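Coordinate analysis (summary)
Listed below, chain by chain, are the residues.
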Amino acid sequence: MLPAHHPLRRTAVRALPMLLCALLAGCGSGARPADTAGREVRRAVAEWSAAPPERLAGIPLEGWSYEVTSVREDGVRAFARAELHYRLTGYDAAPAGSAREVELVAGADGGWRVTADRPAPGALPQLWDQGPVTVERGAHALVLGGAGQSPETLSAVAAEADRAVPAVSAAWPGPWAGRVVVLVPGSLERMAQLLGRPADEYRGLGAVTVGRVGGAPAAADRVVVNPEGYGQLTAEGRRIILTHETTHVATRAATTATTPLWLSEGFADWAAYRGSGSAPAQAAPTLGRAVRAGELPGALPANEAFAFGGDADALARAYEGAWLACRLIADRWGDAALVALYGKAGRESPATALQETLGTDQAGLTRAWQEDLRRELRR
């Protein structure tokens, strides 16, 4: 420590009030304290976000709010990190969320004005971040089309989704909303942006479903259509793909991390093909070729077999094998047993679920499935 009479000690003592003055409030310089500026930024964001923007007026939104979690500002510009919460009226049982970054500038009057709103760094965009959104309503479906989608396309998707909902309700008697939200982005690339994955992972796919599993109530699920892949499907293919994805929405609350993918994907295909009269050899061509070549699967498809972006034939065999496993269960043990297995598989171990609903184990089910593949696909 410096002695009291040392020149540097006297300089430090004189400088201390000046430092405190600068830190606390600028001592009459006109600068605002950081906490005051933060409060003003939060107030400006709250006023700006009191209602959805006019450009979203056609979308049935409720519970619209921005919850600011942090503020950065330099006296001229400010950046507020916020969580957007909203529901699609009549469709979402729980709020949808989105991390946002709101940019503001300081006005001459000392207030703040919002100049931009975008996804926070690393966060996924909303459909309306990609341009104007067109709304098409069906009896059971709400279809939101991205920039460039024609009303005719959206109307056709809504009609197909309307047919899918009652088909799913007939296959899945468990409680669900009986409604579906479908997003139709303007392109495959824009679909990939919404999902945060490379476009090549979705090339050739008709649609996917996004949402959290095991929700109670179910979270805000969305069926996201790949306009490129969907447009290449036949009428029957479009019916199957939308029924499959709507089944995922219906079963979401019963699906957990313990539900094997062969069951969740197979059940969705079973619901989609149910009553169609499609023969296994016709609906499972890739697996059929493998079985006829002597390549009978040794086990039910593992979870990793359903990963996108890999071998397209291997992925097709996984989906076809899962469908035929669920079809076998429904045929041999009954539709109710398949539904009960699905419900228990999300709460119990696979061994317990199989024993309590089918009276068999994984090995027994696998053998029965292999026998069924030989019988159905070697024709």
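Residues numbered from 1 in each chain as written. Predicted model: local features only at pLDDT ≥ 70, side-chain atom pairs only at ≥ 80, totals over all residues. Heavy atoms only, no water.

So, the overall build of the chain
- The number of helices and strands found in the chain is 13 helices and 9 strands.
- Residues counted as buried form 45% of the 379 residues belonging to the chain.
- Just so you have it, the chain exposes about 18,300 Å², and 54% of that area is on carbon and sulfur atoms. (Helix = DSSP H or I, 4+ residues; strand = E, 2+ residues; numbered from the N terminus. Buried < 20%, exposed > 50% of the residue type's maximum accessible area, 1.4 Å probe, protein only. Areas by Shrake-Rupley, 256 points an atom, 1.4 Å probe, with all protein chains shown as cover.)

Regarding the packing of aromatic side chains
- All chains considered together, the criterion is met by 12 aromatic pairs.
- Ring geometry for Trp48 versus Tyr66: centroids 5.1 Å apart, planes at 70°, classification edge-to-face. With a gap of 18 residues between them, Trp48 in helix 2 (residues 34–48) and Tyr66 in strand 1 (residues 61–73) connect regions that are remote in the sequence.
- For Trp48, a relative accessible area of 34% translates into the label partly exposed. (Phe/Tyr/Trp six-rings, centres within 6.5 Å; stacked < 30°, edge-to-face > 60°.)

Describing the confidence of the model for the chain
- Taken as a whole, the chain shows an average pLDDT of 89; of its residues, 89% reach a score of 70 or greater.
- Confidence drops under pLDDT 50 across residues 1–31; counting only partners more than four residues distant or on other chains, this segment forms 12 contacts. (pLDDT = per-residue confidence, 0-100. Contact = heavy atoms within 4.5 Å.)

A few points about the pairing of strand 3 (residues 96–106)
- With 8 of its 11 residues buried, strand 3 lies for the most part within the structure.
- In this sheet, strand 4 (residues 112–119) lies alongside strand 3 in antiparallel orientation, the contact comprising 7 bridges. From the neighbouring strand, Glu103 faces strand 4, where its bridge partner is Ala116.
- Hairpin geometry of strand 3 and strand 4 is characterised by an intervening segment of 5 residues between the two adjacent antiparallel strands and by a positive phi of about 90° at Gly110. (Pairing = 2+ DSSP bridges.)

Comments concerning helix 7 (residues 261–273)
- Taking 1.5 Å of rise per residue, 13 residues should cover 18 Å, and helix 7 covers 18 Å from first to last C-alpha, within 8% of that figure.
- Turning to helix 7, its buried residues number three or more, namely Trp262, Leu263, Ser264, Glu265, Gly266, Phe267, Ala268, Asp269, Trp270, Ala271, Ala272 and Tyr273.
- Close packing links the buried residues of helix 7 with helix 3 (151–171), helix 6 (235–250), helix 8 (280–283), helix 10 (312–333), helix 11 (335–345) and helix 13 (362–377).
- A positive phi of about 80° marks Gly275, the residue just after helix 7. (Expected span 1.5 Å × (residues − 1).)

Things to note about the sheet that holds strand 8 (residues 207–210)
- What the 5 strands build is an open sheet, ordered 5-6-7-9-8; its pairing is mixed. Among the strands making up the open sheet, the edge pair consists of strand 5 (134–137) and strand 8. Taken pair by pair, the neighbouring strands of this sheet meet at an average axis angle of 20°, ignoring direction.
- Sheet topology places strand 5 next to strand 6 (residues 141–145); 4 bridges connect them, and they run antiparallel. Across the sheet, the residue bridging to Arg137 is Leu142, located in strand 6. (Axes fitted to C-alpha atoms, helices over the stretch in contact; angles between N-to-C directions.)

Observations regarding the sheet that holds strand 3
- Strand order in the open sheet formed by 4 strands is 1-2-3-4, with antiparallel pairing between adjacent strands. Unpaired on one side and paired on the other, strand 1 and strand 4 mark the two borders of the sheet. Direction aside, neighbouring strands of the sheet carry axes that sit 30° apart on average.

Some thoughts on the packing of helix 3 against helix 6
- As a packed pair, helix 3 and helix 6 sit with axes 8 Å apart at the nearest point and diverge in direction by 55°. With respect to helix 6, the axis of helix 3 lies oblique. The chirality of how helix 3 crosses helix 6 is right-handed. Together, Val157, Glu160, Ala161, Ala164, Val165, Ala167 and Val168 of helix 3 and Ala235, Arg238, Arg239, Leu242, Thr243, Thr246, Thr247 and Ala250 of helix 6 make up the contact between the two elements.
- Taken together, the residues of the contact of helix 3 with helix 6 sort by class into 9 nonpolar, 3 polar and 3 charged. (Parallel < 35°, antiparallel > 145°, perpendicular 65-115°, else oblique. Left-handed = near helix turned anticlockwise from the far one by under 90°. Nonpolar A, V, L, I, M, F, W, Y, C, P; charged D, E, K, R; others polar.)

Focus: the side chain of Glu201
- Position of Glu201 among the secondary structure elements: in the loop between helix 4 (188–195) and strand 8.
- Contacts of Glu201, omitting those with residues within four sequence positions, involve Phe308 and Gly309.

Topic: the nonpolar core
- In terms of nonpolar packing, the biggest core is built from 61 residues, with Val182 and Trp262 touching the most fellow members.
- With 11 residues, helix 10 is the largest single contributor of residues to this core.
- Counting 38 residues, the second largest nonpolar core, distinct from the first, contains Leu61, Ala96, Val208 and Ala220. (Core = buried A, V, L, I, M, F, W, Y, C linked by side-chain atoms within 4.5 Å.)

Things to note about the pairing of strand 9 (residues 222–225)
- Burial along strand 9 is two-sided: the face carrying Arg222 and Val224 and the face carrying Val223 and Val225 are both buried.
- With 2 bridges connecting them, strand 7 (residues 180–184) and strand 9 associate as parallel partners. Residue Val182 lies in a different strand from strand 9, and its bridge partner there is Val223.
- Judged from the 4 bridges that link them, strand 8 and strand 9 form a sheet pairing that is antiparallel. Across the sheet, residue Val208 finds its bridge partner in strand 9, namely Val224.

Some details on the side chain of Thr259
- For Thr259, the location among the structural elements is in the loop between helix 6 and helix 7.
- With residues up to four places along the chain from it excluded, the contact list for Thr259 reads Ala254, Ser264, Tyr342, Ala345 and Gly346.

Considering the pattern of salt bridges
- A full pass over the atoms with the stated rule returns 17 salt bridges.
- Linking Arg100 and Asp129 is a salt bridge whose minimum nitrogen-to-oxygen distance equals 2.8 Å. Taken together, the positions of Arg100 in strand 3 and Asp129 in the loop between strand 4 and strand 5 put the pair 29 residues apart, joining distant regions of the chain.
- For Arg203, the salt bridge identified is with Asp200, shortest N-O distance 2.9 Å.
- Accessibility expressed as a relative area gives 42% for Arg203, which makes it partly exposed.
- One salt-bridge network, in which partners are shared between bridges, spans Arg72, Arg77, Glu101, Glu103 and Arg118. (Salt bridge = Lys/Arg side-chain N within 4 Å of Asp/Glu carboxyl O.)

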